[in-house]
Each structure stands twice: as structure tokens, then as C-alpha cells.
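Notes for the structure review
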Amino acid sequence: MRLLAAALLALMTTAACRAGAPASAVGLTSLTLTPAKGARPVAGAEINAAAAGLPPNRTVDLMWETVDGGWVVEDGHRFRGKRFTDSSKVLGRAQVDGAGRLATHFSIPEDFGGMHAVTVVDAGKALAQGAVEVSQTFEVDPSEGPIGTLVELRVTGFGWRTMESTWVVNWDNQEVGYVSATDTRGTAVARFRATGPVGAHEIKVYTGYMGQSYLNHEQAPNAHLPRPRFVFRVTSGVAQAGGYVEPYQPQNVPASEISVAGAGLSITPVQGPVKTHAVLKGNGFPANTSVSLIWGTQVGSRVSGNGFASTEHQLATLTVAADGRLEAPLSIPDDLGGMHTLSIRSGDKTLARTFFAIETSVVSISPTSGPAGTPVTIHLKGVGWTDVDNIYVATYDNAYMGYACGFNSQGDVIINFNAAGSVGTHLIDFYPGIYQGSDKDQQLYRLPQLTYADDHPGNKIPALRFAFDVTPPPRR
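Conventions adopted
Residues numbered from 1 in each chain as written. Predicted model: local features only at pLDDT ≥ 70, side-chain atom pairs only at ≥ 80, totals over all residues. Heavy atoms only, no water. 1 Å grid on protein atoms, 1.4 Å probe; cavity = no way out; pocket = protein on both sides within 12 Å on 5 of 7 lines; lining within 4 Å. Points joined across faces, edges and corners; volume = space filled by probe spheres on them. Nonpolar A, V, L, I, M, F, W, Y, C, P; charged D, E, K, R; others polar. Helix = DSSP H or I, 4+ residues; strand = E, 2+ residues; numbered from the N terminus. Buried < 20%, exposed > 50% of the residue type's maximum accessible area, 1.4 Å probe, protein only. Pairing = 2+ DSSP bridges. Axes fitted to C-alpha atoms, helices over the stretch in contact; angles between N-to-C directions. Salt bridge = Lys/Arg side-chain N within 4 Å of Asp/Glu carboxyl O.

Our focus in this paragraph is empty space enclosed by the protein. The final tally for this structure, using the stated rule, is one cavity of 30 Å³ or more. Its volume calculated, the largest cavity comes out at about 40 Å³. Taken together, Met163, Thr207, Gly208, Tyr209, Tyr214 and Asn222 make up the full set of residues lining the largest cavity. Among the residues making up the lining of the largest cavity, the classes are represented as three nonpolar, three polar and no charged.

In this structure, Pro269 follows Thr268 across a cis peptide bond, with omega equal to -5°. Within the secondary structure, Pro269 sits in the loop between strand S19 (264–268) and strand S20 (271–272). In the segment running from Ser366 into Pro367, the intervening peptide bond is cis, with an omega of -10°. Relative to the elements of secondary structure, Pro367 occurs in the loop between strand S27 (361–366) and strand S28 (369–370). At Asn398, a residue that is not glycine, the phi angle is positive and equals roughly 65°. Positionally, Asn398 belongs in the loop between strand S30 (391–396) and strand S31 (399–405). With relative accessibility at 0%, the residue Asn398 sits in the buried group.

If you trace the three strands from one edge of the open sheet to the other, you get S19-S21-S24, paired in antiparallel fashion. Each edge of the sheet is formed by a strand with only one pairing partner; in this case those strands are S19 and strand S24 (326–331). The mean inter-strand angle of the sheet, taken between neighbouring strand axes irrespective of direction, is 15°. Judged from the five bridges that link them, S19 and strand S21 (residues 277–283) form a sheet pairing that is antiparallel. The residue bridging Leu265 from the neighbouring strand is Gly282, located in S21.

This model, assessed by the stated rule, comprises 22 salt bridges. For Arg325, the salt bridge identified is with Asp323, shortest N-O distance 3.5 Å. With a closest N to O distance of 2.5 Å, Lys381 and Asp412 form a salt bridge. With Lys381 in strand S29 (residues 375–381) and Asp412 in the loop between S31 and strand S32 (413–418), this residue pair connects regions lying 31 residues apart in the sequence. Overall, Asp412 belongs to the partly exposed group, its relative accessible area being 21%. Taken together, the shared-partner salt bridges in this structure form one network comprising Glu139, Asp141, Glu152, Arg154 and Arg191.

Now for the sheet that holds strand S16 (residues 229–235). In spatial order, the strands read S10-S16-S15-S12-S13; together these five strands make up an open sheet with mixed pairing. Both outer strands of the open sheet, strand S10 (144–146) and strand S13 (174–180), are each paired with one neighbouring strand and no more. Pairwise comparison of adjacent strand axes, ignoring direction, gives a mean angle of 30° for this sheet. As defined by bridge partners, strand S12 (residues 166–171) adjoins strand S15 (residues 199–207) across five bridges and the pair is classed as antiparallel. Paired with Val168 across the strands is Tyr206, a residue of S15.

Right under this line is the structure:
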């Protein structure tokens, strides 16, 4: 109910708050909030707060009304959109003078953008309330560089409400992907690469809550939101042909599960690509016994109609030493990306279980050069299976090309296409995306998410970067 009430208050007071006029809930004294020195109401900006008619000579709390929450992934694999709950934080304390007047100031926290109520509270009782609409900021860095330069669009103040939560990046009037900051309280960094001939290139950032650019934004219901424009200058120089995976962030690997009192089980490392050389270590197991090492994974498909399920198979038979320890080298199987179980089993009893996260890896791009029309193949391993990691979404020279799915082929993905464009270097970028989820609210499915490193649902997975050199056609 509070979320709905806040939304209604925002709608009723939007125009007033942009003009610096007071806004308050029914029955509360108005708290007037105005940006200091005419600054924009963005994260970090100073806001003056004033009210009259309050109980005199009281020390009061200034409360910032906001929400907590973000993306929801149920059962480790089902994407369920967004979920938020009301929350508040203390901005500071202030003194009401003998005439019942309050005059203070505070800095806007780094938080979700959009409308926020600010409430004066005395010993738990709300006395006055106003609202401030936190605006968005956008910054591009760098502003020039050769083909392949990684460009960062740094944003703050993205909202939690649907219409304020998503922007879209266009490069030379071609859509690259969408920008969100749902899990990061409105602050994130979008990353994409510079491409095209030497010279100036247009970067336009549009609103578009479904992940596509809303072009006639002047006529949109949220026309007051910013749609910034930048210019990037491509300089001489080329990207090296070939492909690579951006560095992986540490994955959220669960703690080991132990069924034998005093036992322990671990694997080192806990994440890596297929064929990673790992070492499994355990202790506290029944001495001089034979145990099975069991690998757990998923098999199936979301599109075949047959569904999917977890499955296990034995990797090895191990012998526990006389002191209850075991140690075994292990080559990680060629399998789906994401989380897998490694279980120590005696008969039908699981003694312990640990976890390993498979990372997506690039096998090859072949060839890496040739004239326009050349057939090109990109081969990947370790693509995942959940709603949030079973696809990669491709762009060609910052234009949407399509997506590739890894579940049905157990993480082994082969993409075939034909090189296109003028002589020179052309970029193919694979971005994490969301395969499917709720049909309600936003439907950001099978689109490139440029804020993948900060705001992708579930474990953060990196982008994959490729370059192909188009050469002159052969002489006849």
C-alpha cells in the first residue's frame, strides 16, 4: 500500500516539486525542498529543507523514503522480474527553533532516481513531509579512441519505477542495447565498443522501458526525463582480430554441504572454463573406504517441449586414506556454464557436496579475415542454462544481430554468419541477456544488456568480444 501511495503522491506533486514548491501527505505540514544554489536535484546535490508550524524547540529526524529490492531469480534459474519493498533511512537530525520553524539542508543520497518523500519525524511521529524528484546523470568516457575502444556510459539516478528504470544506447542511429541499474540502486556503468570509420559518431541515449528506443520522446508521458547526446571521435588504429572473454567476476558459489560430522570438502579453484585443472580435497571421511565422485548438471531444453531436469554421473572412484583424507586431481567436464555439484557418495548416501561454477570460454573465431561475404564461425564453450545465463545477444558494429542459446547443446555453442561491411575492422560483441520471464511489466528479453557487469540478474557474467578484418575482394 505504501508503494502505491508513494506513486500517487509522485504523480500529484511532480510539477510542484520540479518547481521547488512544497509537497506533503494529507494531514502533514508541508516541507519545502529546494536545490541549493539552483543545482539540479541529482545524487550528491545539496537540498534546502524548510517548514513552519512545528512543535518548538525539538530535535527532529529527517527521513529519506525509498525502496529496497531488485531483480528476482527464483530457485536459482527462473527470472521473475523486479520486486521492491518500502524502506527509509535517516538523512540527519535538525533543530526546530522556538517559533516552530525548521531550516536545514541535506545531500541527496546515491539512490534510485524519481520521486522520494522526505519526512520530518519527532520521536517516531511524522510532522511534515515534502518530496524531491531525483534526476539522472550521464557521463561518457573516453570521448575518442580507435576502433575497439571500450566506451563507458556512467549513470546515476535511474529509478525503480518502470518508466524511470531503463534507457537505451544508440550508436549512429543503431541500437546497441539497454542500460539498467535495478540491483545497484540507480547507479551503474554501461560498456560498449567504438566502431566505424575515423571521424565523429553519434551516441544518443533514449528512454525505453521495454529495451527499445522511444523516438518521439518529446510526446512521451515521461517527456521530462533526460535523453542525452554525446559525440565519440574514432581515431586511427585498429582492434586486433580474434576473440576474448572479458575478466570474470567471482561467482556466488554456495558453501559446501556436509553430512558427516567433522568432515570437510573443497575444490580449488571454485570457478573456471571447461577442462580447468582443479584439485578436490576432503577430510573426516570413513578411513580406507571407497567412495564415488559424482558430477551434477542439468539436461534438457526450454523449447523442445520435453522440459529439463537435473542429472548426475560418476566421474571417478576414490579411496579415502587411513587418516580420513582424500585428494584428487580433476579436469572440469565439458558441460553447461554456471553452477555444478561435486558429491562424495558412499553407496546411495551423500557424504558431502561442493560446488564449481563453469565460465563461458571462447574456443575460436574462424577465420578472422576475408572479403565481405566470407562465412565466419564463432565457437563457445560453457554457455549456461538458467533464464539469465543461457543466452548471449550479439551485435555487429553496434547493431543488433540476434542471440545464441546454449542449453539444448549442453553449453557448446556454434554461431555461423557472413562477414559484411566495407574494408576494415568490424566488431562482433556478445552481451549477456535475459532469455525469458514474467509477461508483466517490462519484457527485456533477448536484448543486449550493456550494464551486464553491474546489474545483470543472478551471477554476473562478462561480455565476449570479437573482431573480423574485411579485406578487399580478390582480383579477377
